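Okay, here's what each chain looks like letter by letter:
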Amino acid sequence: MKIIFLGIAMGKKQGISFFEKYLTLWVAICIVVGIAIGQWLPAIPEALSKFEYANVSIPVATLIWLMIFPMMLKVDFKSVKDVGKRPKGIIITCITNWLIKPFTMFGIAWLFFYVIFKALIPAGLAEEYLAGAVLLGAAPCTAMVFVWSYLTKGNAAYTLVQVAVNDLIILVAFAPIVAFLLGVGGITIPWDTLILSVVLFVVIPLLAGVVTRITVVKRKGIDYFSNVFVKKFNNFTVGGLLLTLIILFSFQGETILNNPLHILLIAVPLILQTVLIFFVAYGWAKWWKLPHEIAAPAGMIGASNFFELAVAVAISLFGLQSSAALATVVGVLVEVPVMLMLVRIANNTRKWFPAQ
């Protein structure tokens with residue numbers, strides 16, 4: 001889903017793709033297909049469940065690599081050298097994403113799952129829903145923000161710097177923050193599985209992307225890499241995501257059929273968190289009198305989520321049939337329509353910011 005449009009950073013006009021624009025529809029279709037497979041062809045999920053190593057599903061891990069590798073492939077980490085030229089936007093991004101967002105997500109999710117929706121959600125499910133929400137909150141967007149940046153006429157080059165810095169922070173901050181917040185929520189986290197998940201779904205794709213990028217650019221040039229090579233992988237991310245969701249929902253069928261209202265209950269705190277974090281960063285940028293082309297992407301990168309990573313870690317930690325994995329998938333379901341709403345808000349408030 002979170003396909004980086006590298007051409008944006010190079011001045012080419014690209015918007016949200018057909019698949020991304022209607023992602024909520026595709027996710028809904030995957031829910032139906034996955035549930036149908038689980039109910040009428042149970043031999044398929046049973047067979048897939050046998051292919052595991054260290055509690056990690058090999059088929060799902062393969063699909064997740066197909067999702068994440070193209071995103072890592074398109075991030076130019078050389079842009080980090082420009083981080084000191086205009087530090088205010090980077091400061092907003094880092095503090096909002098790593099010192100505010102994970103903790104507000106925990107607080108909002110705990111309030112809804114344990115207090116407001118207490119009569120509707122059993123304690124055991126509430127615990128796993130909270131875990132899924134925490135995984136989303138600790139995984140800020142690393143790629144789809146390029147689309148939101150373009151749609152708000154953001155500064156693409158500066159957005160690239162924000163994304164590169166964010167990806168580097170994920171390497172060291174994601175696991176400790178997740179472990180801390182889940183521990184506060186009373187959820188036992190196996191550190192070895194969490195670290196393995198970060199290595200599998202962040203470190204390895206990141207290294208593979210960097211090495212591939214350097215090799216191809218050296219041999220063929222940046223134009224070939226940007227306009228030909230990268231485009232070969234565009235459909236891999238969406239395809240991998242949708243196939244992963246079908247597999248996940250084939251395991252989740254009973255849970256969803258028994259608790260259909262829970263999809264809506266999970267969505268409520270996730271939507272509130274998305275809107276809150278957008279206005280925290282966006283309002284902060286307005287207070288600091290940053291130009292709109294910096295303010296809009298700063299708000300978008302925190303509001304959006306790297307839920308490919310969240311889904312992967314939820315599956316690794318809690319299993320394909322877990323309610324934690326279901327909660328992360330609800331994030332996929334609601335993100336695009338909510339983010340498009342925030343894009344409209346950003347465009348309609350452009351006059352709040354100083355003229356460039």
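Just so you know, these numbers come straight off a predicted model, no measurement behind them.

Moving on, we come to the overall build of the protein. Counting its secondary structure elements, the protein contains 16 helices and two strands. For the protein, buried positions account for 57% of its 356 residues. In the protein, once contacts between residues fewer than 6 apart in sequence are set aside, the share between residues at least 24 apart is 86%. When the accessible surface of the protein is split by element, carbon and sulfur atoms take 69% of a total near 14500 Å².

One way to put it is that helix α6 (residues 87-116) packs onto helix α9 (residues 156-184) with a least axis distance of 10 Å and a crossing angle of 25°. In terms of their interaxial angle, α6 and α9 are classed as roughly parallel. Here α6 and α9 pass one another in a crossing that is right-handed. Residues belonging to the contact of α6 with α9 are distributed by class as follows: 18 nonpolar, five polar and one charged.

Turning next to the packing of aromatic side chains. The tally for this structure, following the rule as stated, stands at 10 aromatic pairs. A ring pair is formed by tyrosine 282 and phenylalanine 353, whose centres lie 4.9 Å apart and whose planes are at 55°; its orientation type is tilted. Residue tyrosine 282 is found in helix α13 (residues 261-287), and its partner phenylalanine 353 is found in the segment after α16 (323-348); the two are separated by 71 residues along the sequence. Judged by relative accessible area, tyrosine 282 falls into the buried class, the value being 1%. Judged by centre distance (6.5 Å) and plane angle (25°), the ring pair of tryptophan 287 and tryptophan 288 falls under stacked. It is lysine 88 that lies over the ring of tryptophan 288; its NZ or CZ is 5.5 Å from the centre.

This paragraph deals with helix α14 (residues 292-303). Its 12 residues give α14 an end-to-end C-alpha distance of 16 Å, which sits within 8% of 16 Å, the value for a rise of 1.5 Å per residue. For α14, a buried count of 12 out of 12 residues is recorded, marking the element as mostly surrounded by other parts of the structure. When we look at burial in α14, the residues that qualify are His292, Glu293, Ile294, Ala295, Ala296, Pro297, Ala298, Gly299, Met300, Ile301, Gly302 and Ala303.

Our focus in this paragraph is the nonpolar core. Residues Phe113, Ile121, Tyr129, Phe174, Phe201, Leu245 and Leu309 are the most contacted members of the largest nonpolar core, which totals 81 residues. Residues Tyr158, Ile294, Ala296 and Ala346 belong to the second largest nonpolar core, which totals 31 residues.

A few words now on the confidence of the model for the protein. In the predicted model, the protein carries a mean pLDDT of 81, and 84% of its residues have values of at least 70. pLDDT under 50 marks residues 1-13. Its contacts with residues more than four places away, or in other chains, come to 58 contacts.

Within the secondary structure, threonine 274 sits in helix α13. Classification of threonine 274 as buried rests on a relative accessible area of 10%. Within the structure, threonine 274 has its side chain in polar contact with the backbone oxygen of leucine 270 (distance 2.9 Å). Ignoring any residue separated from it by four or fewer positions in sequence, one finds threonine 274 in contact with Ala303, Val338, Met339 and Leu342.

Attention now goes to helix α7 (residues 123-137). Taking 1.5 Å as the rise per residue, α7 with 15 residues should run 21 Å; its terminal C-alpha atoms sit 21 Å apart, in good agreement. Within α7, 11 of the 15 residues are buried, which leaves it mostly tucked inside the rest of the structure. Listing the buried residues of α7 in full gives Leu125, Ala126, Tyr129, Leu130, Ala131, Gly132, Ala133, Val134, Leu135, Leu136 and Gly137.

Analysis parameters
Residues numbered from 1 in each chain as written. Predicted model: local features only at pLDDT ≥ 70, side-chain atom pairs only at ≥ 80, totals over all residues. Heavy atoms only, no water. Helix = DSSP H or I, 4+ residues; strand = E, 2+ residues; numbered from the N terminus. Buried < 20%, exposed > 50% of the residue type's maximum accessible area, 1.4 Å probe, protein only. Contact = heavy atoms within 4.5 Å. Areas by Shrake-Rupley, 256 points an atom, 1.4 Å probe, with all protein chains shown as cover. Axes fitted to C-alpha atoms, helices over the stretch in contact; angles between N-to-C directions. Parallel < 35°, antiparallel > 145°, perpendicular 65-115°, else oblique. Left-handed = near helix turned anticlockwise from the far one by under 90°. Nonpolar A, V, L, I, M, F, W, Y, C, P; charged D, E, K, R; others polar. Phe/Tyr/Trp six-rings, centres within 6.5 Å; stacked < 30°, edge-to-face > 60°. Lys NZ or Arg CZ within 6 Å of the ring centre and 35° of its normal. Expected span 1.5 Å × (residues − 1). Core = buried A, V, L, I, M, F, W, Y, C linked by side-chain atoms within 4.5 Å. pLDDT = per-residue confidence, 0-100. Polar contact = N/O pair within 3.5 Å; in protein donor to acceptor, adjacent residues only side chain to side chain.

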